Amino acid sequence: TMSFTTCDICDANEDKLEDGSLRILPPGFRHFGQQTTFRGQAHTLKVFEDNTLVRAALETPGEGRVLVVDGGGSLRCALVGGMLGELAVKNGWSGIVIDGCVRDSAELAVCAVGICALATHPQKSRKKGAGDAGLKVMIAGVAVLPGDWIYADGDGVLVSGQRLV
């Protein structure tokens, strides 16, 4: 079980918030998975309205990591749906943070994984294989590097250069 709150992490690390080594994603991310509290090291993707690389990543062992998807904030299609939620659970991902949309929200609600995204959208994405993996991404203006620690709960999503809890 995850025994932390983002509020407690912020309170205990005001110096890191001040120097930027602990960052907070802006409000607006909604929870769609069964787990509202999750943490893990970031595996980063940069895609736009194409979820080919999202599926490819979730098909690999998650090892408790969090897939962080820079989807450019697009609200025009979904990057994760029910099948990918199930894949994340099966392969041991702790969570998914998407700067974009999800679909199949009722299916995602019963997946034992954390999923944060901006909104729902019923249309699936293109599948052309475009995008990049394992690079610095910007999620709603906040930098996330591969290996950063992601902490998420009902109060927000934190990004830290080092493990805090």
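Refer to the structure above for everything that follows.
Worth saying up front: this structure is predicted, and the values here are computed from it rather than measured. (Residues numbered from 1 in each chain as written. Predicted model: local features only at pLDDT ≥ 70, side-chain atom pairs only at ≥ 80, totals over all residues. Heavy atoms only, no water.)

Colleague: How should I be thinking about the nonpolar core in this particular structure?
Modeller: Note that soluble globular proteins tend to have their nonpolar side chains buried in a common cluster. Judged by nonpolar contacts, the single largest core of 22 residues is most densely connected at Val54, Leu58, Leu67, Val69, Ile96 and Ile98. Of all elements in the fold, only helix 3 (52-58), strand 4 (66-70), strand 5 (78-80), helix 4 (82-90), strand 6 (95-98) and strand 8 (114-117) reach the threshold of two or more residues within this core. The residues contacting valine 54, other than those within four sequence positions of it, are Leu45, Val47, Leu67, Val69, Leu79, Val80 and Leu84. Counting residues in hydrophobic clusters, the runner-up holds 16 residues, among them Val66, Val137, Ile139 and Ile150. (Core = buried A, V, L, I, M, F, W, Y, C linked by side-chain atoms within 4.5 Å. Buried < 20%, exposed > 50% of the residue type's maximum accessible area, 1.4 Å probe, protein only. Helix = DSSP H or I, 4+ residues; strand = E, 2+ residues; numbered from the N terminus. Contact = heavy atoms within 4.5 Å.)

Colleague: Explain the pairing of strand 13 (residues 149-153) to me, please; I cannot follow it from the model alone.
Modeller: It is a general feature of regular strands that their side chains alternate between the two faces of the sheet. Within strand 13, 5 of the 5 residues are buried, which leaves the element mostly enclosed by the surrounding structure. Here strand 13 shows a buried face lined by Trp149, Tyr151 and Asp153 and a second buried face lined by Ile150 and Ala152. Bridging between strand 3 (residues 38-46) and strand 13 involves 4 bridges; their strand directions are antiparallel. Looking across to strand 13, one finds that arginine 39 is bridged to tyrosine 151. Sheet topology places strand 13 next to strand 14 (residues 156-160); 5 bridges connect them, and they run antiparallel. Pairing of isoleucine 150 across the sheet is with valine 159, part of strand 14. Between strand 13 and strand 14, which follow one another and run antiparallel, lie 2 residues. (Pairing = 2+ DSSP bridges.)

Colleague: Is there a simple way to think about the sheet that holds strand 5 in this case?
Modeller: Strand pairing in a sheet relies on backbone hydrogen bonds. The paired strands run either parallel or antiparallel. Pairing within the open sheet is parallel, and its 3 strands lie in the order 5-7-9. Each edge of the open sheet carries a strand with a single partner, namely strand 5 and strand 9 (119-120). Relative to strand 9, strand 7 (residues 101-102) runs parallel, the two being bridged by 2 bridges. Bridging from a neighbouring strand, valine 102 pairs with threonine 120 of strand 9.

Colleague: What should I look at first to understand the pattern of salt bridges in this one?
Modeller: A side chain with one charge may pair with a side chain of the opposite charge, provided their charged atoms come close. Scanning the model with the defined rule gives 6 salt bridges in all. Between aspartate 70 and lysine 46 there is a salt bridge whose closest N-O contact spans 3.3 Å. Pair noted here: aspartate 70 is in strand 4 and lysine 46 is in strand 3, with a separation of 24 residues, a long-range link. When its relative accessible area of 5% is taken as the criterion, aspartate 70 is described as buried. Two residues, arginine 76 and glutamate 49, come together in a salt bridge whose shortest N-O distance is 2.6 Å. (Salt bridge = Lys/Arg side-chain N within 4 Å of Asp/Glu carboxyl O.)

Colleague: How should the environment of serine 74 be read in this particular structure?
Modeller: With respect to the secondary-structure elements, serine 74 resides in the loop between strand 4 and strand 5. Given the relative accessible area of 9%, serine 74 is considered buried. On a C-alpha basis, the gap between serine 74 and cysteine 101 in space is 7.2 Å, while along the polypeptide they are 27 residues apart. For serine 74, the contacting residues outside a window of four places in its chain are Phe48, Glu49, Asp99, Gly100 and Cys101. Within the structure, the side chain of serine 74 is placed 2.7 Å from the side chain of glutamate 49, a separation counted as a polar contact. (Polar contact = N/O pair within 3.5 Å; in protein donor to acceptor, adjacent residues only side chain to side chain.)

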